[in-house]
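So the chains spell out like this:
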Amino acid sequence: MIISGSASQTLAAELAAELDEPLASVEYERFPDGELLAAAPGFAAEEADAERAIVVASTVSSDAHVELLQLQDAAREWGASEVVTVLPYMGYARQDEAFEEGHPISARAVARAISSGTDRVLTVNPHEEAVCDFFDVPAEPIDAAGRLADPLPADLTDPVFLSPDEGALDIAATVRDAYGAGDTDYFEKKRLSGTEVELTPSDTDVSGRDVVVTDDIIATGSTMAEAVGILHERDARRVFLACVHPMLASNARSKLARAGVETIYGTDTIERDVSAVSVARSVADAL
Ligand code: R5P
(Lines give C-alpha, C1' and ligand atoms only; values in the text may rest on other atoms or scores of the structure.)
Protein backbone atom coordinates (compact mmCIF):
# COMPACT_ATOMS: atom_id res chain seq x y z
CA MET A 1 0.00 0.00 0.00
CA ILE A 2 1.37 3.38 -1.01
CA ILE A 3 0.58 6.32 1.29
CA SER A 4 1.30 9.75 -0.11
CA GLY A 5 2.29 13.02 1.51
CA SER A 6 0.47 16.00 0.05
CA ALA A 7 3.50 17.21 -1.92
CA SER A 8 4.12 13.85 -3.61
CA GLN A 9 0.72 12.74 -4.86
CA THR A 10 1.61 12.45 -8.54
CA LEU A 11 4.77 10.48 -7.88
CA ALA A 12 2.99 8.24 -5.35
CA ALA A 13 0.35 7.41 -7.97
CA GLU A 14 3.05 6.66 -10.55
CA LEU A 15 4.82 4.44 -8.03
CA ALA A 16 1.61 2.58 -7.20
CA ALA A 17 1.16 1.89 -10.92
CA GLU A 18 4.79 0.78 -11.31
CA LEU A 19 4.53 -1.61 -8.36
CA ASP A 20 0.92 -2.58 -9.01
CA GLU A 21 0.18 -1.79 -5.37
CA PRO A 22 -2.88 0.06 -4.10
CA LEU A 23 -2.77 3.77 -3.38
CA ALA A 24 -4.25 4.63 0.00
CA SER A 25 -6.92 7.26 0.39
CA VAL A 26 -5.35 10.24 2.18
CA GLU A 27 -6.66 13.40 3.75
CA TYR A 28 -4.79 16.53 4.77
CA GLU A 29 -6.45 18.95 7.14
CA ARG A 30 -5.40 22.07 8.96
CA PHE A 31 -7.02 22.98 12.26
CA PRO A 32 -7.83 26.56 13.22
CA ASP A 33 -4.77 26.69 15.48
CA GLY A 34 -2.55 25.86 12.50
CA GLU A 35 -1.86 22.24 13.39
CA LEU A 36 -2.00 19.64 10.63
CA LEU A 37 -3.66 16.28 10.39
CA ALA A 38 -2.52 13.99 7.61
CA ALA A 39 -4.34 10.67 7.69
CA ALA A 40 -5.02 7.57 5.66
CA PRO A 41 -8.68 6.89 6.48
CA GLY A 42 -9.68 3.34 5.83
CA PHE A 43 -6.10 2.10 5.99
CA ALA A 44 -6.04 -1.12 7.90
CA ALA A 45 -3.17 -3.33 6.88
CA GLU A 46 -5.08 -6.58 7.26
CA GLU A 47 -8.04 -5.47 5.20
CA ALA A 48 -5.84 -3.88 2.59
CA ASP A 49 -3.74 -7.05 2.50
CA ALA A 50 -0.77 -4.73 2.94
CA GLU A 51 1.82 -5.81 5.40
CA ARG A 52 4.14 -3.18 3.98
CA ALA A 53 3.25 0.47 3.92
CA ILE A 54 5.31 2.71 1.66
CA VAL A 55 5.04 6.33 2.72
CA VAL A 56 6.10 8.63 -0.12
CA ALA A 57 6.64 12.21 0.96
CA SER A 58 9.02 14.87 -0.20
CA THR A 59 9.82 17.01 2.82
CA VAL A 60 9.68 20.28 0.94
CA SER A 61 8.45 22.28 3.94
CA SER A 62 8.14 22.05 7.70
CA ASP A 63 4.50 21.07 7.23
CA ALA A 64 5.56 18.24 4.94
CA HIS A 65 7.86 16.94 7.67
CA VAL A 66 4.99 16.83 10.16
CA GLU A 67 2.70 15.17 7.61
CA LEU A 68 5.31 12.49 7.03
CA LEU A 69 5.61 11.71 10.74
CA GLN A 70 1.83 11.49 11.00
CA LEU A 71 1.47 9.16 8.01
CA GLN A 72 4.24 6.89 9.27
CA ASP A 73 2.51 6.74 12.63
CA ALA A 74 -0.88 6.03 11.08
CA ALA A 75 0.57 3.17 9.05
CA ARG A 76 2.09 1.57 12.12
CA GLU A 77 -0.95 2.23 14.29
CA TRP A 78 -3.24 0.54 11.79
CA GLY A 79 -1.26 -2.60 11.38
CA ALA A 80 1.57 -2.26 8.88
CA SER A 81 4.29 -4.67 9.91
CA GLU A 82 6.86 -2.78 7.84
CA VAL A 83 6.97 0.93 7.12
CA VAL A 84 9.23 2.03 4.29
CA THR A 85 9.73 5.75 3.86
CA VAL A 86 10.52 7.17 0.44
CA LEU A 87 11.85 10.71 0.52
CA PRO A 88 11.86 11.73 -3.14
CA TYR A 89 13.35 15.00 -1.93
CA MET A 90 14.83 15.20 1.55
CA GLY A 91 14.48 18.68 2.96
CA TYR A 92 17.30 20.01 5.13
CA ALA A 93 19.75 17.56 3.51
CA ARG A 94 22.00 20.45 2.49
CA GLN A 95 22.36 21.47 6.16
CA ASP A 96 24.57 18.47 6.76
CA GLU A 97 27.02 20.10 9.12
CA ALA A 98 27.08 22.70 11.86
CA PHE A 99 28.22 25.73 9.88
CA GLU A 100 29.03 27.83 12.93
CA GLU A 101 29.42 27.33 16.63
CA GLY A 102 26.01 26.80 18.16
CA HIS A 103 24.42 25.61 14.92
CA PRO A 104 22.57 22.29 14.70
CA ILE A 105 23.25 19.58 12.17
CA SER A 106 19.76 19.96 10.79
CA ALA A 107 19.94 17.05 8.37
CA ARG A 108 20.76 14.75 11.27
CA ALA A 109 17.95 16.18 13.40
CA VAL A 110 15.29 15.54 10.75
CA ALA A 111 16.79 12.14 9.87
CA ARG A 112 16.50 11.04 13.48
CA ALA A 113 12.89 12.16 13.68
CA ILE A 114 12.03 10.38 10.43
CA SER A 115 13.81 7.22 11.62
CA SER A 116 11.53 6.98 14.63
CA GLY A 117 8.56 5.99 12.46
CA THR A 118 10.04 3.71 9.86
CA ASP A 119 12.03 0.55 9.22
CA ARG A 120 13.84 1.74 6.13
CA VAL A 121 14.43 4.94 4.18
CA LEU A 122 15.08 5.54 0.50
CA THR A 123 15.94 9.01 -0.73
CA VAL A 124 16.52 10.24 -4.26
CA ASN A 125 19.80 11.99 -5.06
CA PRO A 126 20.48 13.55 -1.67
CA HIS A 127 22.93 16.43 -1.87
CA GLU A 128 25.55 14.19 -0.25
CA GLU A 129 25.00 10.47 0.04
CA ALA A 130 26.61 10.58 3.50
CA VAL A 131 23.36 12.12 4.75
CA CYS A 132 22.02 8.55 4.79
CA ASP A 133 24.31 7.83 7.74
CA PHE A 134 22.27 10.22 9.87
CA PHE A 135 19.29 7.86 9.92
CA ASP A 136 18.96 5.35 12.74
CA VAL A 137 17.49 2.78 10.33
CA PRO A 138 18.89 1.44 7.03
CA ALA A 139 18.84 4.29 4.53
CA GLU A 140 19.89 4.23 0.88
CA PRO A 141 20.28 6.83 -1.82
CA ILE A 142 18.65 6.29 -5.21
CA ASP A 143 20.36 7.75 -8.25
CA ALA A 144 17.64 8.89 -10.65
CA ALA A 145 19.75 11.46 -12.51
CA GLY A 146 19.89 9.31 -15.63
CA ARG A 147 16.16 9.96 -16.15
CA LEU A 148 17.05 13.55 -17.01
CA ALA A 149 18.38 12.40 -20.38
CA ASP A 150 14.91 11.27 -21.46
CA PRO A 151 13.41 14.67 -22.36
CA LEU A 152 16.57 16.06 -24.00
CA PRO A 153 16.40 16.65 -27.76
CA ALA A 154 17.91 13.76 -29.70
CA ASP A 155 19.85 16.15 -31.92
CA LEU A 156 22.12 17.93 -29.43
CA THR A 157 25.08 19.49 -31.22
CA ASP A 158 28.45 18.33 -29.89
CA PRO A 159 26.98 18.41 -26.36
CA VAL A 160 28.72 19.29 -23.13
CA PHE A 161 27.18 18.08 -19.89
CA LEU A 162 28.30 20.64 -17.38
CA SER A 163 27.95 20.82 -13.62
CA PRO A 164 28.18 24.20 -11.93
CA ASP A 165 30.48 22.76 -9.26
CA GLU A 166 32.71 19.76 -8.96
CA GLY A 167 30.35 18.08 -6.49
CA ALA A 168 27.69 17.63 -9.16
CA LEU A 169 30.05 16.25 -11.80
CA ASP A 170 28.80 12.71 -11.17
CA ILE A 171 25.31 13.88 -12.09
CA ALA A 172 26.62 15.38 -15.33
CA ALA A 173 28.38 12.11 -16.12
CA THR A 174 25.28 10.06 -15.34
CA VAL A 175 23.12 12.21 -17.62
CA ARG A 176 25.77 12.11 -20.36
CA ASP A 177 26.01 8.31 -20.09
CA ALA A 178 22.23 7.99 -20.26
CA TYR A 179 22.14 10.33 -23.26
CA GLY A 180 24.89 8.33 -24.92
CA ALA A 181 27.19 11.05 -26.26
CA GLY A 182 29.02 14.20 -25.24
CA ASP A 183 31.71 15.56 -22.96
CA THR A 184 31.51 16.41 -19.28
CA ASP A 185 32.91 19.49 -17.60
CA TYR A 186 32.47 21.53 -14.45
CA PHE A 187 32.89 25.05 -13.14
CA GLU A 188 34.47 26.03 -9.85
CA LYS A 189 31.90 27.51 -7.48
CA LYS A 190 32.29 29.78 -4.50
CA ARG A 191 29.13 30.55 -2.53
CA LEU A 192 29.11 34.15 -1.38
CA SER A 193 25.74 34.10 0.40
CA GLY A 194 22.46 32.18 0.37
CA THR A 195 21.53 33.81 -2.92
CA GLU A 196 24.89 34.72 -4.48
CA VAL A 197 27.52 32.51 -6.04
CA GLU A 198 30.68 33.11 -8.03
CA LEU A 199 31.53 30.65 -10.79
CA THR A 200 34.86 30.22 -12.49
CA PRO A 201 34.57 28.48 -15.85
CA SER A 202 36.96 25.89 -17.17
CA ASP A 203 38.86 26.28 -20.45
CA THR A 204 36.47 24.11 -22.41
CA ASP A 205 35.34 25.78 -25.63
CA VAL A 206 31.54 25.77 -25.67
CA SER A 207 31.15 28.03 -28.68
CA GLY A 208 28.54 26.61 -31.07
CA ARG A 209 27.89 23.62 -28.81
CA ASP A 210 24.74 22.64 -26.95
CA VAL A 211 25.28 22.66 -23.19
CA VAL A 212 23.21 20.76 -20.64
CA VAL A 213 23.85 22.19 -17.19
CA THR A 214 23.06 19.53 -14.60
CA ASP A 215 22.74 19.80 -10.84
CA ASP A 216 21.04 18.00 -8.01
CA ILE A 217 18.77 20.95 -7.21
CA ILE A 218 17.76 24.36 -8.46
CA ALA A 219 16.84 26.22 -5.28
CA THR A 220 17.13 30.02 -5.59
CA GLY A 221 18.36 29.64 -9.18
CA SER A 222 21.48 31.70 -8.44
CA THR A 223 23.89 28.96 -9.42
CA MET A 224 22.17 28.17 -12.69
CA ALA A 225 21.61 31.83 -13.61
CA GLU A 226 25.31 32.52 -13.16
CA ALA A 227 26.26 29.45 -15.20
CA VAL A 228 23.89 30.36 -18.03
CA GLY A 229 25.26 33.91 -18.15
CA ILE A 230 28.78 32.59 -18.60
CA LEU A 231 27.71 30.10 -21.26
CA HIS A 232 25.90 32.77 -23.27
CA GLU A 233 28.95 35.05 -23.06
CA ARG A 234 30.98 32.17 -24.45
CA ASP A 235 28.57 31.67 -27.37
CA ALA A 236 27.11 28.33 -26.40
CA ARG A 237 24.54 27.30 -29.02
CA ARG A 238 21.63 26.21 -26.80
CA VAL A 239 21.63 25.88 -23.01
CA PHE A 240 19.35 23.39 -21.26
CA LEU A 241 19.04 23.11 -17.49
CA ALA A 242 18.46 19.71 -15.95
CA CYS A 243 18.13 19.05 -12.24
CA VAL A 244 16.79 16.23 -10.15
CA HIS A 245 14.97 18.47 -7.65
CA PRO A 246 13.29 21.53 -9.25
CA MET A 247 12.70 23.42 -6.02
CA LEU A 248 12.58 26.79 -7.84
CA ALA A 249 12.12 28.75 -4.63
CA SER A 250 11.18 32.38 -4.30
CA ASN A 251 12.16 34.41 -7.41
CA ALA A 252 14.16 31.60 -9.06
CA ARG A 253 12.03 31.54 -12.21
CA SER A 254 12.38 35.27 -12.83
CA LYS A 255 16.08 35.05 -12.16
CA LEU A 256 16.46 32.24 -14.67
CA ALA A 257 14.23 33.90 -17.25
CA ARG A 258 16.27 37.11 -16.96
CA ALA A 259 19.42 35.04 -17.49
CA GLY A 260 17.94 33.80 -20.78
CA VAL A 261 17.03 30.27 -19.78
CA GLU A 262 14.62 28.67 -22.18
CA THR A 263 14.24 25.11 -21.00
CA ILE A 264 14.39 23.54 -17.54
CA TYR A 265 13.94 19.82 -17.05
CA GLY A 266 13.34 18.40 -13.59
CA THR A 267 11.94 15.25 -12.07
CA ASP A 268 8.84 14.75 -9.97
CA THR A 269 10.73 14.51 -6.67
CA ILE A 270 9.39 18.05 -6.34
CA GLU A 271 6.19 18.43 -8.32
CA ARG A 272 6.45 21.48 -10.56
CA ASP A 273 5.43 22.29 -14.12
CA VAL A 274 9.01 21.53 -15.19
CA SER A 275 8.87 18.00 -13.72
CA ALA A 276 9.23 16.39 -17.11
CA VAL A 277 10.29 12.96 -15.90
CA SER A 278 9.25 10.63 -13.13
CA VAL A 279 11.59 8.88 -10.75
CA ALA A 280 8.92 6.24 -10.04
CA ARG A 281 10.76 3.51 -11.97
CA SER A 282 14.03 4.22 -10.12
CA VAL A 283 12.24 4.12 -6.76
CA ALA A 284 10.36 0.94 -7.69
CA ASP A 285 13.64 -0.74 -8.65
CA ALA A 286 15.16 0.17 -5.28
CA LEU A 287 12.24 -1.08 -3.18
C1 R5P B 1 25.01 23.03 -4.13
O2 R5P B 1 26.13 22.61 -4.06
C3 R5P B 1 23.96 22.38 -4.96
O4 R5P B 1 24.45 21.37 -5.74
C5 R5P B 1 23.24 23.37 -5.83
O6 R5P B 1 24.15 23.86 -6.81
C7 R5P B 1 22.72 24.52 -5.07
O8 R5P B 1 22.14 24.10 -3.88
C9 R5P B 1 21.73 25.31 -5.90
O10 R5P B 1 21.26 26.36 -5.13
P11 R5P B 1 20.77 27.69 -5.79
O12 R5P B 1 19.77 27.35 -6.85
O13 R5P B 1 20.15 28.43 -4.64
O14 R5P B 1 21.96 28.40 -6.34
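Residues numbered from 1 in each chain as written. Predicted model: local features only at pLDDT ≥ 70, side-chain atom pairs only at ≥ 80, totals over all residues. Heavy atoms only, no water.

Colleague: Even after reading the chapter, I still don't get the layout of surface pockets, so can you show me in this structure?
Modeller: It is the rolling of a water-molecule-sized probe over the atoms that shows where space remains empty. Here the largest pocket defines a volume of roughly 440 Å³. In terms of lining, the largest pocket is formed by 21 residues, of which the most central are Arg94, His127, Lys189, Arg191 and Thr223. At the level of secondary structure, the elements contributing two or more residues to the lining of the largest pocket comprise β10 (188-193), β12 (211-217) and α5 (222-233). Across the lining of the largest pocket, the residue classes break down as 5 nonpolar, 7 polar and 9 charged. If you add up the space inside the second largest pocket, you get close to 360 Å³. Along the wall of the second largest pocket there are 16 residues; nearest its centre are Tyr92, Ala93, Arg94, Gln95 and Phe99. Classifying every residue of the lining of the second largest pocket gives 6 nonpolar, 6 polar and 4 charged. (1 Å grid on protein atoms, 1.4 Å probe; cavity = no way out; pocket = protein on both sides within 12 Å on 5 of 7 lines; lining within 4 Å. Points joined across faces, edges and corners; volume = space filled by probe spheres on them. Helix = DSSP H or I, 4+ residues; strand = E, 2+ residues; numbered from the N terminus. Nonpolar A, V, L, I, M, F, W, Y, C, P; charged D, E, K, R; others polar.)

Colleague: Explanation requested: the site of the ligand in the structure shown.
Modeller: Close to the ligand lie 14 residues; Arg94, Asp215, Asp216, Thr220 and Thr223 are nearest. With respect to the ligand, the side chain of arginine 191 contributes an N or O atom lying 3.3 Å from an oxygen atom. Within the backbone of glycine 221, a nitrogen or oxygen atom sits 2.8 Å from an oxygen atom of the ligand. Relative to its unbound accessible area of 370 Å², the ligand is 92% covered by the protein chains. In this structure the site holding the ligand corresponds to the largest pocket. Contributions of two or more residues to the shell around the ligand are made by β10, β12 and α5. Per-element tally for the shell around the ligand: the top contributor is β12, with 3 residues. When the residues that make up the shell around the ligand are grouped by side-chain class, the tally is 3 nonpolar, 5 polar and 6 charged. (Near = heavy atom within 4 Å. Polar contact = N/O pair within 3.5 Å; in protein donor to acceptor, adjacent residues only side chain to side chain. Areas by Shrake-Rupley, 256 points an atom, 1.4 Å probe, with all protein chains shown as cover. Sits in = over half its atoms within 2 Å of the grid points.)

Without other data, these values stay purely geometric and don't point to any function.
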